[in-house]
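Results of the structural survey
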Amino acid sequence: TTAKVPRCSKCKSTHARMDAFTAVGGILGGLAGLASCVSVVNANEDDWFVGLIALGIFAAVGAGIGYGIGRMISPKGIKPESHKTKFSSIQELLAEGWEFGDKPPEDN
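Below is a short write-up of the structure. As the structure is a prediction and not an experimental result, all values here were calculated from the model. Counting from 1, residues in each chain are numbered in the order their sequence is written. Only residues with pLDDT of at least 70 are given local features in this predicted model, and only at 80 or more are side-chain atom pairs given and counted; all residues enter the totals for whole chains, interfaces and linings. Side-chain numbers here rest on the full set of heavy atoms in the structure, without hydrogens or water.

**Quick notes on the overall build of the protein chain**
Only DSSP runs of H or I covering at least 4 residues are called helices, and only runs of E covering at least 2 are called strands; the numbering of each starts at the N terminus. On a plain count of helices and strands, the protein chain comes out with three helices and zero strands. The order of α-helices and β-strands along the protein chain, N terminus first, is α-α-α. Put simply, the radius of gyration uses C-alpha atoms, and a globule should come to 2.2 Å times the residue count raised to 0.38. On C-alpha atoms alone, the protein chain measures out to a radius of gyration of 20 Å, which is more than a quarter above the 13 Å that the 2.2 N^0.38 rule sets for 108 residues. For every residue, the accessible area (1.4 Å probe, protein chains only) is compared with the maximum for its type, and the residue is labelled buried under 20%, exposed over 50%, or partly exposed between those bounds. The buried share of the protein chain, reckoned over its 108 residues, is 18%. It only takes one pair of heavy atoms within 4.5 Å for two residues to be counted as in contact. Taking contacts inside the protein chain between residues at least 6 apart in sequence as the whole, the part at least 24 apart equals 70%. As displayed, the protein chain offers around 8,300 Å² of accessible surface, 62% of which is attributable to carbon and sulfur atoms. Charge assignment: positive for Lys and Arg, negative for Asp and Glu; neither His nor the chain ends contribute. By convention, charge coordinates are those of NZ in Lys, CZ in Arg, CG in Asp, or CD in Glu. In the protein chain, 11 side chains carry a positive charge and 11 a negative one; their mean positions are 19 Å apart. The accessible surface values rely on the Shrake-Rupley method and a 1.4 Å probe; as for residues, cover is taken only from the protein chains in view.

See the structure below:
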């Protein structure tokens, strides 16, 4: 089953904008990380794994910065999207033993 949590259009657009800032930050960070990855691999082909780690770190930092910028420019009073777990019907379902996820676990 799908439990729907209502939200106003202002909250929905703010959440979408924050997701976009996070994605753009992650992409820009990933591009910067890709440049560092290429430079590390060009310096020493045996260090490709170090370059891959740098790529991941840059992408994560970029996504974090994008998320932070999105939060800073959000209107006052907008709760984070994670606040949906506090909605009364969601709390009731959780109390009944429901969990978040795509499918219930298979019984063995």
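**Things to note about helix α1 (residues 9-43)**
Because each turn of an α-helix spans 3.6 residues, side chains separated by three or four positions end up pointing in the same direction. Taking 1.5 Å of rise per residue, the 35 residues of α1 would be expected to cover 51 Å, and the 51 Å separating its terminal C-alpha atoms lies within 8% of that figure. All buried positions along α1 are accounted for by C11, T14, H15, M18, G25, G26, G29, G30, G33, S36 and C37. The secondary structure elements touched by the buried residues of α1 are α2 (48-72). Helices are assigned an expected span. That span is 1.5 Å times one less than the residue count.

**Some points on the side chain of S74**
Checked against the element boundaries, S74 lands in the loop between α2 and α3 (88-95). Each polar contact in these results corresponds to two N or O atoms within 3.5 Å; when the atoms are within protein, one needs to be able to donate a hydrogen and the other to accept it, and residues that are neighboring in sequence are counted only if both atoms are side-chain atoms. Side-chain polar atoms of S74 contact the backbone oxygen of G70, separated by 2.7 Å. S74 has contacts with T14 and M18, leaving out every residue within four places of it along the chain.

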